[in-house]
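Take a look at the letters that make up each chain.
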Amino acid sequence: MVELTCTDFGGTGDLLIVGPSLGTSVEALWGACVQHLTPSFRVVGWDLPGHGRSAPAVGFELADLADTLRKITAELSAADSFRKSGSELAASNCWYAGVSVAGAVGFALAIDPGPFAGIATLAAAAKIGDAAAWYERADLVRTASTSALIAGSVERWFAPGFTDRDPRTAAGLLESLTDADARSYAATCEALARFDGRERLGTATVPVLVAAGRHDRVVPIELARDSADRLPGATSYVFEGSAHLPPAEEPAAVAGVLTDFFQRGVR
């Protein structure tokens, strides 16, 4: 089981775990969106190995990340229940929302949800990209560091005009990329190369939202819909102003869609 470090963003209500895209920290990606979520949820984010606050790690699979998240969430939920067991009712639901690689982890959680009552995947699919391309990127990063990915990431991550509209957010995300540990980033690429959860999606037992960005070239709408079509009763959504990082590009819209989806899950 790989170790992950979490950031507690605060808030009240049901526990919502949020996860980042490859090359980003959870604070840089979700920070603006969380402000719209905390009135309804207690939000806790996690960082990939060697990204943000998490220590470097190599030799892991996406299933290992899912195992760690089930454990972390069960512990957080139990602590919440204990803290609220007096005058308040204990929160009874835990939710998950992940972007890109954290969304791929979300598909693994949908198959074996543990404490989660519902899953949202953003800019993600149960199989992302070509294995050979992921191994090639891993080799590049080991040789030249994550700084070699800056120009390509600007093109992949953001919808047209976003860097002009919100240069501060874009700069923070790109800084988190350059700060990422190269070996851990490469290990995550290799884990993505090996991950393919498509054949098991039909066994998912919790509600799943599959949301895509209209301008996403990493996970085009058609690829996200392929995963949604394999899930029993999945909900699909398209963020019209986003590419690959919807919580940063459209924070209020993402918060609204997530809040509506998760709150419908308890009615």
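Because the structure is a prediction, the values reported are computed rather than measured.

Caption draft 1: Seen up close, the overall build of the protein chain. Along the backbone of the protein chain there are 11 helices and seven strands. In summary, the protein chain has a C-alpha radius of gyration of 17 Å against a globular reference of 18 Å for 267 residues, a match within 12%. Dimensions of the protein chain, computed from C-alpha atoms along their principal axes, come out at roughly 55 × 40 × 35 Å. Counting only residues that meet the buried cut, the protein chain has 54% of its 267 residues in that class.

Caption draft 2: Geometry of the pattern of salt bridges. One pass over the full model with this rule turns up 14 salt bridges. The closest approach of N and O atoms between Arg264 and Asp260, which form a salt bridge, is 3.0 Å. Of the two residues, Arg264 and Asp260 are both situated in helix H11 (residues 251–264); the distance of four residues between them amounts to about one turn of the helix. Note on Arg264: relative accessible area 38%, which makes it partly exposed. Of the residues examined, Asp260 reaches a relative accessible area of 37% and is grouped as partly exposed. Counted as one network, the salt bridges with shared partners bring together Asp67, Arg70 and Asp112.

Caption draft 3: Representation of the side chain of Ser100. Take Ser100: it is sitting in the loop between strand S4 (94–99) and helix H3 (101–111). On the basis of relative accessibility, which here comes to 7%, the residue Ser100 falls in the buried class.

Caption draft 4: Examining the nonpolar core more closely. If you look at the biggest cluster of nonpolar residues, it comprises 91 residues, and the most contacted ones within it are Trp30, Tyr96 and Leu258. For this core, the leading source of residues is H3, giving nine residues. Residue contacts for Leu258: discarding those within four places in its chain leaves Trp30, Leu37, Ala97, Ala120, Leu122 and Leu209.

Caption draft 5: Representation of the sheet that holds strand S7 (residues 235–239). The mixed open sheet is built from seven strands, whose spatial order is S1-S3-S2-S4-S5-S6-S7. The sheet is open, and its two edges are formed by strand S1 (6–10) and S7, each paired on a single side. The average undirected angle you get between the axes of adjacent strands in this sheet is 20°. Pairing of strand S2 (residues 14–19) with S4, which is carried by five bridges, proceeds in the parallel orientation. Looking at the pairing, Gly19 lines up with Gly98 of S4. Relative to the sheet, H11 contacts S2, strand S3 (41–46), S4, strand S5 (116–122), strand S6 (208–213) and S7, its axis offset from that of S5 by approximately 150°.

About the thresholds
- Residues numbered from 1 in each chain as written.
- Predicted model: local features only at pLDDT ≥ 70, side-chain atom pairs only at ≥ 80, totals over all residues.
- Heavy atoms only, no water.
- Helix = DSSP H or I, 4+ residues; strand = E, 2+ residues; numbered from the N terminus.
- Rg over C-alpha atoms; globule rule 2.2 N^0.38 Å.
- Buried < 20%, exposed > 50% of the residue type's maximum accessible area, 1.4 Å probe, protein only.
- Salt bridge = Lys/Arg side-chain N within 4 Å of Asp/Glu carboxyl O.
- Core = buried A, V, L, I, M, F, W, Y, C linked by side-chain atoms within 4.5 Å.
- Contact = heavy atoms within 4.5 Å.
- Pairing = 2+ DSSP bridges.
- Axes fitted to C-alpha atoms, helices over the stretch in contact; angles between N-to-C directions.

By themselves these figures say nothing about function.
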